[in-house]
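Residue-level listing of the chains:
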Amino acid sequence: MKTSTLVIRTPEGIVFSQLLAGPVTRFLACFIDQLCIMAALTVAGMILMRLAAVGFGFAMALYILAYFVISIGYGIFFEWNWRGQTVGKRLFRLRVMDVEGMRLQFNQIVVRNLLRFVDSLPFFYFVGGVTCWLNPQCQRLGDIAANTVVIRNAFVSEPDLSQLLAGKYNSLRQFPHLAARLRQNVSPVEAAIALQSLLRREEFELVARVELFAELAAHFRSKVEFPAEALDGVADEQFLRNVVDVIYRTRPDAPTGKAVTVEQI
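Counting starts from 1 at the beginning of each chain's written sequence and moves along it residue by residue. Local features in a predicted model are, by the rule used here, given only for residues with pLDDT of at least 70; side-chain atom pairs are given and counted only at 80 or more, and totals for whole chains, interfaces and linings are based on all residues. In computing side-chain values, all of the structure's heavy atoms are included and hydrogens and water are not.

1. A short note on the overall build of the chain
When helices and strands are tallied, the chain shows 13 helices and 6 strands. Exposed residues in this analysis have more than 50% of their type's maximum accessible area, buried residues have under 20%, and partly exposed residues fall in between, with area computed by a 1.4 Å probe over protein chains only. For the chain, with 265 residues in total, the buried portion stands at 44%. What makes two residues a contact is simply this: any of their non-hydrogen atoms within 4.5 Å. Within the chain, contacts between residues separated by at least 24 positions form 72% of all contacts whose residues are at least 6 apart in sequence. Here, Shrake-Rupley sampling with a 1.4 Å probe gives the accessible areas, and only protein chains in the shown set may cover a residue. Put simply, the chain shows about 14200 Å² of open surface, and 65% of that area lies on carbon and sulfur atoms. Helix and strand assignments come from DSSP, with helices taken as H or I runs of at least 4 residues and strands as E runs of at least 2, each series counted from the N terminus.

2. Considering the packing of helix H2 (residues 56-81) against helix H4 (residues 106-114)
Direction vectors running N to C along H2 and H4 enclose 150 degrees, while the axes themselves pass 9 Å from each other. Relative to H4, H2 is oriented roughly antiparallel. Judged by the sense of rotation from one axis to the other, the crossing of H2 with H4 is right-handed. Contacts from Ile72, Gly75, Ile76, Glu79 and Trp80 of H2 reach H4 at Phe106, Ile109, Val110, Arg112, Asn113 and Leu114. Charged means Asp, Glu, Lys or Arg here, nonpolar means Ala, Val, Leu, Ile, Met, Phe, Trp, Tyr, Cys or Pro, and polar covers whatever is left, Gly included. Its residues placed into classes, the contact of H2 with H4 shows 7 nonpolar, 2 polar and 2 charged. Helix axes use the C-alpha atoms of the stretch in contact, all axes being lines fitted to C-alpha atoms, and the angles between their N-to-C directions lie in the range 0 to 180 degrees. For classification purposes, an angle smaller than 35 degrees is called roughly parallel, one larger than 145 roughly antiparallel, one from 65 to 115 roughly perpendicular, and anything else oblique. Helix crossings are classified by the rotation of the near helix relative to the far one: an anticlockwise turn of less than a right angle makes the crossing left-handed, while a clockwise turn makes it right-handed.

3. Quick notes on the pattern of salt bridges
When a carboxyl oxygen of Asp or Glu lies within 4 Å of a side-chain nitrogen of Lys or Arg, that pair is called a salt bridge. Applying the stated criterion to the full structure yields 15 salt bridges. One salt bridge connects arginine 173 with aspartate 245, and the closest N-O pair in it is separated by 2.9 Å. Here aspartate 245 lies in helix H13 (residues 236-248) and arginine 173 lies in the loop between helix H8 (161-164) and helix H9 (176-185), a separation of 72 residues in the sequence. Here arginine 173 falls in the partly exposed class, since its relative accessible area comes to 23%. Taking the shortest distance from any N to any O, the salt bridge between glutamate 237 and arginine 209 comes out at 2.9 Å. Of this pair, glutamate 237 sits in helix H13 while arginine 209 sits in helix H11 (residues 206-221), and the two are 28 residues apart along the sequence. For the pair glutamate 237 and arginine 209, one class covers both residues: buried. Residues joined in a network through salt bridges with shared partners are Arg26, Glu79, Lys89, Arg112, Arg116 and Asp143.

4. Thoughts on the packing of H9 against H13
Two elements in contact, H9 and H13, have axes whose closest approach is 9 Å; the angle formed by their N-to-C orientations is 80 degrees. Classified by the angle their axes make, H9 and H13 are roughly perpendicular. Residue-level contacts link Ala179, Leu182 and Arg183 of H9 to Val243, Val246 and Ile247 of H13. Split by residue class, the contact of H9 with H13 holds 5 nonpolar, no polar and 1 charged.

5. Some points on the layout of surface pockets
Space left empty within the atom packing is revealed by a probe, the size of a water molecule, rolled over the atoms. Within this model, the second largest pocket holds a volume of roughly 620 Å³. Every definition here rests on a 1 Å grid over the protein atoms only: cavities are sets of points where a 1.4 Å probe fits but cannot get out, pockets are open sets enclosed by protein on both sides within 12 Å along at least five of seven lines, and lining residues have some atom within 4 Å of a point. In terms of lining residues, the second largest pocket is bounded by 32 residues, among which Cys30, Gln34, Arg116, Phe124 and Tyr125 are the most central. Every element with two or more residues in the lining of the second largest pocket is listed here: helix H1 (23-48), H2, H4, helix H5 (116-119) and helix H6 (126-134). With 10 residues, the top contributor of residues to the lining of the second largest pocket is H1. Grid points are joined across faces, edges and corners, and a volume is the space filled by probe spheres set on the points.

Structure follows, in structure tokens:
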């Protein structure tokens with residue numbers, strides 16, 4: 001039976017969920033992407049028409065090569081540089097992510113886009129659409145091979161960070177260039193997990209809480225190497241508070257309580 005959410009379980013038994021994108025929304029996003037690809041191919045065709053005078057066969061060979069590069073390269077380029085989004089996915093608030101909630105890898109993006117040709121058989125994504133409709137996690141063949149899913153980013157209300165982080169000195173803000181790099185290196189899913197862990201910390205048993213924050217702190221410390229003076233004496237849970245403060249509040253006095261989305265992270 002098809003589910004509407006992706007459930008991610010940590011080794012400590014903590015559960016997080018993401019909304020899965022449905023076949024209809026994915027089809028609409030794909031339609032927009034196909035329009036973008038067709039526009040790029042039209043421009044390429046107009047440029048290559050000038051070579052037809054030199055040799056029609058040569059111009060056609062270049063166009064076929066351009067068709068392959070643009071059709072496949074479009075998705076790879078945007079999904080890698082826009083962190084799992086293309087033009088169509090951004091318009092419909094969709095995002096590609098690893099099925100286990102890990103950071104999306106370049107090889108996953110390449111695999112899912114190379115298999116678009118198979119998913120598009122025999123005409124306009126029929127195989128991919130049927131597979132997506134029948135798959136419990138709404139995955140097409142490219143997603144299954146790459147171990148990815150497409151999620152839907154809903155508008156959420158930002159928690160009151162002034163209360164969550166009140167009275168806590170953030171040593172990471174002493175190094176603004178490293179803080180900016182941290183914001184850049186953390187994915188929306190990772191940021192959401194860190195925030196939810198802090199919001200739900202009182203629900204965890206003491207041992208599970210210590211283990212969870214130790215694992216999360218180690219993960220985020222690996223993102224950016226801060227100087228020792230920024231980390232000395234900072235407990236794992238406090239370090240995670242500092243990380244959330246840096247990610248969600250670009251300024252210490254940034255207003256809270258407004259509607260935000262994961263694209264703003």
